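Descriptive analysis of the structure
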Amino acid sequence: IAGITQAPTSQILAAGRRMTLRCTQDMRHNAMYWYRQDLGLGLRLIHYSNTAGTTGKGEVPDGYSVSRANTDDFPLTLASAVPSQTSVYFCASSDSLSTEAFFGQGTRLTVV
Amino acid sequence: GQNIDQPTEMTATEGAIVQINCTYQTSGFNGLFWYQQHAGEAPTFLSYNVLDGLEEKGRFSSFLSRSKGYSYLLLKELQMKDSASYLCAVRHRSNDYKLSFGAGTTVTVRA
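The notes below deal with the structure included here. As the structure is a computational prediction, the values presented were derived from the model and not from experiment. (Residues numbered from 1 in each chain as written. Chains lettered and ligands numbered in written order. Predicted model: local features only at pLDDT ≥ 70, side-chain atom pairs only at ≥ 80, totals over all residues. Heavy atoms only, no water.)

Looking only at helices and strands, chain B has zero helices and eleven strands in total. Here the C-alpha atoms of chain B give a radius of gyration of 13 Å, agreeing with the 13 Å that 2.2 N^0.38 yields for 111 residues. Principal-axis analysis of the C-alpha atoms places the extent of chain B at approximately 45 × 30 × 20 Å. Counting over 111 residues, chain B shows a buried share of 50%. A fraction of 54% describes how many contacts in chain B between residues 6 or more apart in sequence connect residues 24 or more apart. Per element, the accessible surface of chain B, about 5300 Å² overall, is 46% carbon and sulfur. Distance from the positive charge centre (10 side chains) to the negative charge centre (10 side chains) of chain B: 5 Å. (Helix = DSSP H or I, 4+ residues; strand = E, 2+ residues; numbered from the N terminus. Rg over C-alpha atoms; globule rule 2.2 N^0.38 Å. Buried < 20%, exposed > 50% of the residue type's maximum accessible area, 1.4 Å probe, protein only. Contact = heavy atoms within 4.5 Å. Areas by Shrake-Rupley, 256 points an atom, 1.4 Å probe, with all protein chains shown as cover. Lys, Arg positive; Asp, Glu negative; His and termini not counted. Charge placed at Lys NZ, Arg CZ, Asp CG, Glu CD.)

All names here are of chain A. Taken together, four strands build an open sheet; the order of strands is β1-β3-β8-β7 and the sheet is antiparallel. At either margin of the open sheet sits one strand with a lone partner, and together these are β1 (4–7) and β7 (64–66). The average angle at which neighbouring strand axes cross in this sheet is 20°, direction not considered. With three bridges connecting them, strand β3 (residues 19–25) and strand β8 (residues 76–78) associate as antiparallel partners. Among the inter-strand pairings, T20 is bridged to a residue of β8, identified as T77. (Pairing = 2+ DSSP bridges. Axes fitted to C-alpha atoms, helices over the stretch in contact; angles between N-to-C directions.)

Further remarks concern the pairing of strand β11 (residues 107–111) of chain A. Residue and element names in this part refer to chain A. Of the two faces of β11, the one lined by T107, L109 and V111 is fully buried and the one lined by R108 and T110 carries no buried residue. Alignment of strand β2 (residues 10–13) against β11, held across four bridges, turns out to be parallel. By the bridge assignment for β11, S10 is matched with R108.

Let us look at the packing of aromatic side chains. Taken as a whole, this structure holds 16 aromatic pairs over all chains when the rule is applied. With a centroid separation of 5.6 Å and 80° between ring planes, the pair formed by F103(A) and Y35(B) is classed as edge-to-face. Of this pair, F103(A) sits in strand β10 (residues 102–103) while Y35(B) is found in strand β4 (residues 32–37), placing the two residues in two different chains. Each of the two residues, F103(A) as well as Y35(B), counts as buried. Seen from their ring centres, F63(B) and Y72(B) are 5.1 Å apart, and the 20° between their planes marks the pair as stacked. Relative accessible area serves as the criterion here: at 16%, Y72(B) is assigned to the buried category. Clustering of aromatic rings is evident, with ring pairs tying together Y33(A), Y35(A), F90(A), F103(A), F33(B), Y35(B), F45(B), Y48(B) and F101(B). Across the ring face of Y48(A), the terminal group of K98(B) is positioned such that the distance to the ring centre comes to 4.2 Å. (Phe/Tyr/Trp six-rings, centres within 6.5 Å; stacked < 30°, edge-to-face > 60°. Lys NZ or Arg CZ within 6 Å of the ring centre and 35° of its normal.)

Written as structure tokens, this is what we have:
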């Protein structure tokens, strides 16, 4: 089934540890995004990529990095996790041929 | 930049109609989206407006006025399964697919 997949589904992480959230899509979409969702704040854009090989900073990029080596994969890395990064993380993808963005099922991350 | 405002919560009775308003201020505009998100799940696409007017899709309709920076989502014949968060989102420019989201409106449908 075509779509967008995130891993892991949930994770408890010790503060200071490094963590990579994985995101893969098989729809050949140009653009991919990482959002975090916190209660009362809605979805906030962390980083994005309009095409393979390029990335850009979103609204809340600090403490996160991304790479886009190919069209399908867009991993998000927390170099040294802090408790304020506790959140639900959603990966999404879209392109000029689709009016909507498709979301992965989310990764619930708790930093303790 | 942009500000996107929508009410935090709304409650309605099964079978009734609810209208969720969204106002936005943005330096560029290339479409307004509504997404539905059930608790613990991913957002799913409901509607898209890029021109002024009403778009109807079954029990759901969405309206846009670009000059007023205003949209609404109308949910008719409410069902219990419509209890969810409804997210208003704006796309900035035609060559940039990023979406900016409002905080979401939680709709509770009561029997």
